Amino acid sequence: MQMRGENVDMTNDEFAQFLNEFTRSAESGDGECFARHFTEDAVYHDYIYGAHRGRADIVHMLQDLFHRDAKDYRWEMFDAVCDGDKGYAWSLSSFTSAIPQFEGRRVVIDGISRFVLKEGLIAEYRESVNGGVAMVQLGVEPERMAKVFQRWTGWLNERPETRAYLARPKGSRGEA
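The model shown is predicted, which means the values in this text are computed figures rather than measured ones.

1. A short note on the overall build of the protein
Helix and strand counts for the protein come out as six helices and six strands. Its helices and strands taken in sequence order, the protein reads α-α-β-β-α-β-β-β-β-α-α-α from the N to the C terminus. Here the C-alpha radius of gyration of the protein, 17 Å, is about what a compact globule of 176 residues would show, namely 16 Å. With respect to the three principal axes, the spread of C-alpha positions in the protein is 45 × 45 × 30 Å. Contacts in the protein between residues far apart in sequence, at least 24 positions, make up 53% of those at least 6 positions apart. Taken as a whole, the protein presents about 10200 Å² of accessible surface, with 51% of it coming from carbon and sulfur. Positive and negative side-chain charges of the protein, numbering 22 and 29 respectively, have mean locations separated by a distance of 6 Å.

Below, the structure written as structure tokens:
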């Protein structure tokens, strides 16, 4: 395998190994190690903490936000597929909440991750999870859940991809 950062198209096996390293660094809480999986100008779209741009912001998200709020974090990815430019994987993750209101509550989440790759690194990361399931496990009150779901709805509706999709006539599939 070529060194990351060169002009690289990853195979499925190489992508699966890359994801193993990626998730282990996330579990460790080492933001610098985690951020090295990303391009300098990468965007990490987190379903709780929002978009984080650039390695320094990704370090901040992992160390100062996520690992502040979550202990005993685990994250594993399965069924990884990669065409060299994009990769997808199904994941399971779990943590114990460190947020005072929910402290000690264990959460398990399953999701799908989408990776846009550039020169063997992540240029854009998005995840799709059922955050409502996580909130129920935490014991979040329904009114607060509604506010979070409204915020997520706004994020979805403001995405350029969503706007383009909604603007196209049914059946067009983005064809010119």
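2. Some details on the pairing of strand β2 (residues 50–53)
With four bridges connecting them, strand β1 (residues 38–46) and β2 associate as antiparallel partners. The residue bridging H45 from the neighbouring strand is A51, located in β2.

3. Structural notes on the packing of aromatic side chains
One pass over the structure, following the stated rule, counts 18 aromatic pairs. Taken together through their ring pairs, the aromatic side chains of F15, F22, F34, F38, Y44, F66, Y73, W75, F95, F115 and Y125 make up a single cluster.

4. Let's talk about the sheet that holds strand β4 (residues 86–97)
Spatially, the six strands line up as an open sheet ordered β2-β1-β6-β5-β4-β3, and their pairing is mixed. The sheet is open, and its two borders are formed by β2 and β3 (70–82), each paired with just one other strand. Along the sheet, successive strands turn relative to each other by an average axial angle of 20 degrees, direction set aside.

5. Concerning the confidence of the model for the protein
Fine structural detail should not be taken from predicted coordinates in areas where pLDDT scores are low. The share of residues in the protein with pLDDT of 70 or more is 94%, and the mean pLDDT across the chain is 92. With pLDDT under 50 throughout, residues 1–5 is counted as low confidence; its partners more than four residues away or in other chains account for eleven contacts.

6. Here's the deal with the packing of helix α5 (residues 142–158) against helix α6 (residues 160–167)
Look at α5 against α6: their axes get within 5 Å of each other, and the N-to-C directions meet at 70 degrees. It follows from the interaxial angle that α5 and α6 lie roughly perpendicular. The residues of α6 that touch α5, namely those facing L156, N157 and E158, are P160, T162 and R163. When the residues that make up the contact of α5 with α6 are grouped by side-chain class, the tally is two nonpolar, two polar and two charged.

7. Observations regarding the pattern of salt bridges
Per the stated rule, a full pass over the model turns up seven salt bridges. Of the charged contacts in the structure, one is a salt bridge between R68 and D69, with a shortest N-O distance of 2.7 Å. A salt bridge links R163 to E158; its shortest N-O distance comes to 2.6 Å. R163 gets classed as partly exposed once you look at its relative accessible area, which sits at 46%. Judged by relative accessible area, which is 51%, E158 ranks as exposed. Look at the salt bridges and you will find they share partners, linking R114, E124 and R126 into a network.

8. So, a nonpolar patch on the surface
Residues V81, Y88 and I112 make up a contiguous nonpolar surface patch of roughly 250 Å² in combined accessible area. Relative to the assigned elements, Y88 resides in strand β4.

9. Focus on α5
Compared with an ideal rise of 1.5 Å per residue, which puts 17 residues at 24 Å, α5 spans 24 Å between its outermost C-alpha atoms and is within 8% of the ideal. Among all positions of α5, only M145, V148 and W152 are buried. Axial view of α5: buried residues confined to an arc of 65 degrees, hence all on one face. Residues E143, K147, Q150 and E158 are exposed on α5 and point more than 90 degrees away from its buried face.

Criteria and cut-off values
Residues numbered from 1 in each chain as written. Predicted model: local features only at pLDDT ≥ 70, side-chain atom pairs only at ≥ 80, totals over all residues. Heavy atoms only, no water. Helix = DSSP H or I, 4+ residues; strand = E, 2+ residues; numbered from the N terminus. Rg over C-alpha atoms; globule rule 2.2 N^0.38 Å. Contact = heavy atoms within 4.5 Å. Areas by Shrake-Rupley, 256 points an atom, 1.4 Å probe, with all protein chains shown as cover. Lys, Arg positive; Asp, Glu negative; His and termini not counted. Charge placed at Lys NZ, Arg CZ, Asp CG, Glu CD. Pairing = 2+ DSSP bridges. Phe/Tyr/Trp six-rings, centres within 6.5 Å; stacked < 30°, edge-to-face > 60°. Axes fitted to C-alpha atoms, helices over the stretch in contact; angles between N-to-C directions. pLDDT = per-residue confidence, 0-100. Parallel < 35°, antiparallel > 145°, perpendicular 65-115°, else oblique. Nonpolar A, V, L, I, M, F, W, Y, C, P; charged D, E, K, R; others polar. Salt bridge = Lys/Arg side-chain N within 4 Å of Asp/Glu carboxyl O. Buried < 20%, exposed > 50% of the residue type's maximum accessible area, 1.4 Å probe, protein only. Patch = residues over 30% accessible without salt bridge, like charges linked within 9 Å, V, L, I, M, F, W, Y side chains within 5 Å. Expected span 1.5 Å × (residues − 1). Arc of directions from axis to C-beta.

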